[in-house]
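Per-entry structural report
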Amino acid sequence: MTVANASNSHGSSSSSSTPIPMERVCIVGSGNWGSAISIMIGTNCERLSYCHTQVPMWVFEEEIDVTAANGKTQKRKISEVINERHENVKYLPGIELPHNIVAMPNLESACQGATLLIFVLPHQFLPPLLKRLRNVVHPSCRGVSLIKGMDFDAVHKKPVLISQSIEGIMSQGGRGNFSCGVLMGANVANEVAQGQICESTLASNFAEVGVGVGPGVGKGSKDKGRLLHLDLNERTREIFNSPSFRVQHVKDVAGAEVSGALKNVVALGAGFVDGLPHLGGNTKAALLRVGLKEMISFSRIFFEDMDVRDDTFLESCGMADLITTCYGGRNRKCADAFARKRGSSAVMSEEGCTSLWKELETELLNGQKLQGTLACKEAYQVIESRGLLESFPLIRQVYKISFQGAPVDSIVDGIVVVAASGTTSPVCISRL
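What you are looking at is a predicted structure, and each value in this text was computed from that prediction instead of being measured. (Residues numbered from 1 in each chain as written. Predicted model: local features only at pLDDT ≥ 70, side-chain atom pairs only at ≥ 80, totals over all residues. Heavy atoms only, no water.)

**Overview of the sheet that holds strand 7 (residues 142–145)**
With mixed pairing, the 8 strands of this open sheet are ordered in space as 5-2-1-6-7-10-11-14. Across the chains shown, the open sheet's two edge strands, defined by having one partner strand only, are strand 5 (101–104) and strand 14 (245–250). Averaged over all adjacent pairs, the angle separating strand axes in this sheet is 25°, with direction ignored. In this sheet, strand 6 (residues 116–119) lies alongside strand 1 (residues 25–28) in parallel orientation, the contact comprising 4 bridges. Of the residues in strand 6, the one forming a bridge with Cys-26 is Leu-117. (Pairing = 2+ DSSP bridges. Helix = DSSP H or I, 4+ residues; strand = E, 2+ residues; numbered from the N terminus. Axes fitted to C-alpha atoms, helices over the stretch in contact; angles between N-to-C directions.)

**Comments concerning the nonpolar core**
By size, the foremost hydrophobic cluster in this structure holds 67 residues, and its most contacted members are Leu-262, Phe-272, Leu-287, Phe-298, Phe-303, Trp-357 and Ile-411. Of all the elements, helix 8 (residues 253–274) adds the most residues to this core, at 13 residues. In this structure, Leu-287 is in contact with Val-266, Gly-269, Ala-270, Val-273, Leu-394, Ile-411 and Ile-415, ignoring residues within four places of it in sequence. Ranked by size, the runner-up nonpolar core spans 45 residues in total, among them Leu-92, Ile-95, Cys-198 and Val-247. (Core = buried A, V, L, I, M, F, W, Y, C linked by side-chain atoms within 4.5 Å. Buried < 20%, exposed > 50% of the residue type's maximum accessible area, 1.4 Å probe, protein only. Contact = heavy atoms within 4.5 Å.)

**What about the confidence of the model for the protein?**
The share of residues in the protein with pLDDT of 70 or more is 87%, and the mean pLDDT across the chain is 88. This stretch, residues 11–17, has a pLDDT under 50; its non-local contacts, to residues over four places away or in other chains, come to 13 contacts. Across residues 425–432 the pLDDT falls below 50, and counting only partners more than four positions away or on other chains, this stretch makes 16 contacts in the model. (pLDDT = per-residue confidence, 0-100.)

**Some thoughts on the pattern of salt bridges**
According to the stated counting rule, one finds 19 salt bridges in the structure shown. For the salt bridge of Asp-65 with Lys-75, the shortest nitrogen-to-oxygen distance reads 3.2 Å. Note that Asp-65 is positioned in strand 3 (residues 63–67) and Lys-75 in strand 4 (residues 73–77), a separation of 10 residues in sequence. Between Glu-108 and Arg-132 there is a salt bridge, and its shortest N-O distance comes to 2.9 Å. Taken as a pair, Glu-108 in helix 3 (residues 107–111) and Arg-132 in helix 4 (residues 126–133) lie far apart in primary sequence, 24 residues in all. (Salt bridge = Lys/Arg side-chain N within 4 Å of Asp/Glu carboxyl O.)

Okay, here's the thing in structure tokens:
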């Protein structure tokens, strides 16, 4: 994604006098995670007095095979099936969606007048969509990204948060600053949809706004007029939060978002360990420890101006998400299969590696995208451009196995113990 002049709203929490109307929430994306999160959003928007009840969910239109009542299979548009059955039969089968979630294949219609955009789709598809929707949303619109990945600024050789990319594109065209937070956490979509207890982390710095409340503001409102100071961070948290989906708020957008991206890279390493018959739980635990330290180091080195906090990595977006992804996510699953198909010590060509990842994505993910491989390429590009490969041995080794054909069992070369000096020179590292 090309980034141009991203705004600095991540670091701003000052008061604003921009009037905020009733919330009109739109979900941009309708895959497995988008459909799962729509359950909480739809339920809350029906309940909360300051939200419009109907929640549009933009759907990338496609035709799917559907079994009709007479037992015959026919081709149907997925948006029509979702609206008729209140179920995403392709990406979240067997789970009923709230009836106020309306699948819409037209992006501009779905986002018309939106005050809160929920981005939940593969990030490589974002730039053209953002340019289309930025002129149809409400002037006060803000966003929350559920996308796990990163962009890379080739000119300045630095990583760019996806939320920053969204802010930059959405703020173009004279529409003013657009602020985007993130929602990250230990959230396997199917478990969330089934109502299993879990936590998530909302990281945002939305400005407080002063709102004049008068007749008709809010469902059933009888307020005749007064000034309210709204905490948009808390209001946004309430739109996601539920008894089974427990959301905490932090201000550290960079720490939360980097964790969401890099945990998928660590999960590839975890999958390699799972796919090797001679490695087990001890090795995997060591890999997670090293992975968490590299996530923290990456955040501090590349986002030092964004007040990255150590305690962010103890929230659901950090350690908890890392654990669940390395034991139950799609990236671990595909990396496990990658290791088993390649064998422990076999060397593979770069073309062979790329081909195998594509094959496994098609075979195992039912139309979903593998996020860890893309994040791995982006992270490696960043640390290589800064000459920091020695400081990130695990990310380096995951990349070498994934894309340069190094033997899968060389994953142990990325699991290191750093001496008390804190250096990562060969003298100070002992291989586990």
